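# Structural characterization, general
Listed below, chain by chain, are the residues.
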Amino acid sequence: MKLLIINGPNLGNIGRREPEIYGHEDFEPFLESLRKKFSEHEIIYKQSHHEGEIVDFLHNADKEGFDGVILNAGAYSHSSYSIRDAVAAISAPTVMVHISNVYARENFRHENVIAAKCKGVITGFGLKSYELAARSLAG
Ligand code: DQA
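Right, let's walk through the structure included here. Source: prediction; values computed, not measured.

With that settled, the discussion passes to the layout of surface pockets. Rolled over the atoms, a probe as big as a water molecule pinpoints where empty space is left. Reported here for the largest pocket is a volume of approximately 160 Å³. Lining the largest pocket are 15 residues; nearest its centre among them are Arg-17, Tyr-22, Gly-74, Ala-75 and Arg-109. Among the residues forming the lining of the largest pocket, the class breakdown is six nonpolar, six polar and three charged.

With that out of the way, let us pick up the sheet that holds strand E5 (residues 120–123). The sheet built from five strands is open, its strands ordered E2-E1-E3-E4-E5 with parallel pairing. What marks the edges here is a single partner per strand, and that holds for strand E2 (42–47) and E5. In this sheet, adjacent strand axes meet at a mean angle of 20° when their direction is disregarded. Running at roughly 160° to E2, helix H2 (residues 27–37) makes contact with strand E1 (2–7) and E2 of the sheet.

Interhelical geometry of H2 versus helix H5 (residues 128–138) gives an angle of 30° and a closest axis separation of 11 Å. If you check the angle between H2 and H5, you find them roughly parallel. Taken as a pair, H2 and H5 cross one another with a handedness that is right-handed. In contact with Phe-27, Phe-30, Leu-34 and Lys-37 of H2, H5 contributes Tyr-130, Glu-131 and Arg-135.

The next thing to look at is the pairing of strand E3 (residues 68–72). Of all the five residues making up E3, five are buried; the element is thus mostly covered by neighbouring parts of the structure. Burial of the side chains of E3 extends over both faces: Gly-68, Ile-70 and Asn-72 are buried on one face and Val-69 and Leu-71 on the other. Direction of pairing for E1 relative to E3: parallel, over a ladder of five bridges. Looking across to E3, one finds that Leu-4 is bridged to Val-69.

Definitions and limits used
- Residues numbered from 1 in each chain as written.
- Predicted model: local features only at pLDDT ≥ 70, side-chain atom pairs only at ≥ 80, totals over all residues.
- Heavy atoms only, no water.
- 1 Å grid on protein atoms, 1.4 Å probe; cavity = no way out; pocket = protein on both sides within 12 Å on 5 of 7 lines; lining within 4 Å.
- Points joined across faces, edges and corners; volume = space filled by probe spheres on them.
- Nonpolar A, V, L, I, M, F, W, Y, C, P; charged D, E, K, R; others polar.
- Pairing = 2+ DSSP bridges.
- Helix = DSSP H or I, 4+ residues; strand = E, 2+ residues; numbered from the N terminus.
- Axes fitted to C-alpha atoms, helices over the stretch in contact; angles between N-to-C directions.
- Contact = heavy atoms within 4.5 Å.
- Parallel < 35°, antiparallel > 145°, perpendicular 65-115°, else oblique.
- Left-handed = near helix turned anticlockwise from the far one by under 90°.
- Buried < 20%, exposed > 50% of the residue type's maximum accessible area, 1.4 Å probe, protein only.

Given below as structure tokens:
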């Protein structure tokens, strides 16, 4: 399977960003360990701070024949109808992940405008949220 992980805004410095919320582990070494665990699958990683670029990533995932998308849209999860529409428009199933438990945080994080178009949502398991999402897609 070909899986695409998309991280949205402010998710390029995991391990250093608010570690009390997002943990101390850098994303790159985590990604390497994930690739080893899912060695029979191809895992591509993209990150952008820009809404339109994330929309492009989603449409390109479809054109490039990805079998599944793992999306952490960051704060766009709570506001972006463009990303929601892109998730709805593509045929690759998308699993939304959050590192933190958004329901234990500020009220504005309780709303997720993209989730209804996703196959499922995994929130609150740290970077393991991505592994659980990969398992849900790849088995
Ligand atoms: C996040 C939760 C969002 O509310 C926040 O804006 C992020 C990260 C998470 O992974 O926990 O940037 O998506």
